[in-house]
Amino acid sequence: GFRSGPEHAASRAGVHPGGLPAELKLNLAGGLQSEEVRASLKLNLAALSEPGASALAGARPVWEFDYSEITLGNRIGAGAFGEVYEASWRRSRIAVKRLLCQRLTDAARSQFMGEMELMSNLRHPNIVRFLGACLEPLQMSILFELCSTSLYEILHGGQAHKLGMEFAMGLTRQIALGIFYLHQCKQPVLHLDLKSANVLLDEHGVAKVCDFGLSHIKRETAVITSRMGSPQWTAPEILRGEPHDES
């Protein structure tokens, strides 16, 4: 039959009296007014917004990994900003780039984490897939999908004659699509070092742009090692130290 009373009214409203504080149960039994119920159940949003109040505050990024998780294999490449190794990670073959610039200022570290967060959200068939990053001191590394070869190796490894016009035009289009995707991000990603060595090819011959972003890492590495990418491929405004953007 139909039941009434404060406890049943609370049940009909979706609130089970057994889960309420003792003082609120007492108030319900005494005939608490609806305005007081709302006031008692109201969340303290100001307290939730305070640092450390949320369980998510200071949470570890989902893309961060421990360096102990990977097993390095052969070195497969080196550039101005790091060395690339073939590696094993969670029973998968991947590529690991160990950064040359291992000691970052607090500001640069914050920027690095911001760029890793951005890279973790990039999805495009012509962009090498970002898998994660290690933030441990002296072990700063980035994980990427492992590709079969690079455009540089094809052009300079005696295989250039195998490049037909149709295949070459297809690679050019794929590279352009990858760069266009990076430039169209809400926060545009600048490559700053686009060259054949930074265009990888997977087992299906699909071009994937790599070594993009990390503009602050590249700047700090340039200060430490006096290297700033590849001058012959660098835009004049960057060489002149002028402001630059995706255009």
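Relevant structure appears above.
The structure displayed is predicted, hence computed values, not measured ones.

Reading the values: rules and limits
- Position numbers for residues start from 1 in each chain and track the written sequence from start to end.
- Local features in a predicted model are, by the rule used here, given only for residues with pLDDT of at least 70; side-chain atom pairs are given and counted only at 80 or more, and totals for whole chains, interfaces and linings are based on all residues.
- Hydrogens are left out, water is left out, and the side-chain values use all remaining heavy atoms of the structure.
- For Phe, Tyr and Trp, rings pair up if their centres lie within 6.5 Å, where Trp contributes its six-membered ring, and each pair is then called stacked (planes under 30 degrees apart), edge-to-face (over 60) or tilted (otherwise).
- Only DSSP runs of H or I reaching four residues or more are called helices, and only runs of E reaching two or more are called strands; each is numbered from the N terminus.
- The classification of residues rests on relative accessible area computed with a 1.4 Å probe and restricted to protein chains. Under 20% of the type maximum is buried, over 50% is exposed, and intermediate values are partly exposed.
- At least two DSSP bridges between two strands are needed for those strands to be called paired.
- Should any heavy atoms of two residues lie within 4.5 Å, those residues are counted as being in contact.
- To obtain each axis, a line is fitted to C-alpha atoms, and for helices this fit is confined to the stretch in contact; angles are then taken between N-to-C directions over 0 to 180 degrees.
- A pairing counts as a salt bridge when a side-chain nitrogen of Lys or Arg comes within 4 Å of a carboxyl oxygen of Asp or Glu.
- Here a polar contact is taken to be a pair of N or O atoms separated by no more than 3.5 Å, where protein atoms must pair a possible hydrogen donor with a possible acceptor and residues adjacent in sequence count only if both atoms sit in side chains.

Caption draft 1: Main features of the packing of aromatic side chains. Applying the stated criterion across every chain, the model contains two aromatic pairs. Taken together, a centroid distance of 6.3 Å and an interplanar angle of 75° make the contact between Phe 130 and Phe 144 edge-to-face. Note that Phe 130 is positioned in strand β4 (residues 130–134) and Phe 144 in strand β5 (residues 141–145), a separation of 14 residues in sequence. When its relative accessible area of 9% is taken as the criterion, Phe 130 is described as buried.

Caption draft 2: Up close: the sheet that holds strand β7 (residues 199–201). Spatially, the three strands line up as an open sheet ordered β6-β7-β8, and their pairing is antiparallel. Single-partner strands in this sheet number two, and they are β6 (149–150) and β8 (207–209). The strands touched by helix α7 (residues 165–183) within the sheet are β7 and β8, with β8 carrying the most contacts at an inclination of about 30°.

Caption draft 3: Inspection of the pattern of salt bridges at higher detail. In the structure shown here, the tally under the stated rule is seven salt bridges. Between Arg 60 and Glu 64 there is a salt bridge, and its shortest N-O distance comes to 3.8 Å. Accessibility expressed as a relative area gives 44% for Arg 60, which makes it partly exposed. With a relative accessible area of 21%, Glu 64 lands in the partly exposed category. Glu 86 is the partner of Arg 93 in a salt bridge, and the nearest nitrogen-oxygen pair spans 2.6 Å. Residue Arg 93 is classed as exposed on the basis of its relative accessible area, which comes to 58%.

Caption draft 4: Up close: the side chain of Lys 97. Along the chain, Lys 97 turns up in strand β3 (residues 92–99). Side chain to side chain, Lys 97 and Asp 211 meet in a polar contact 2.7 Å long.

Shape is all these values report; function is a separate question.
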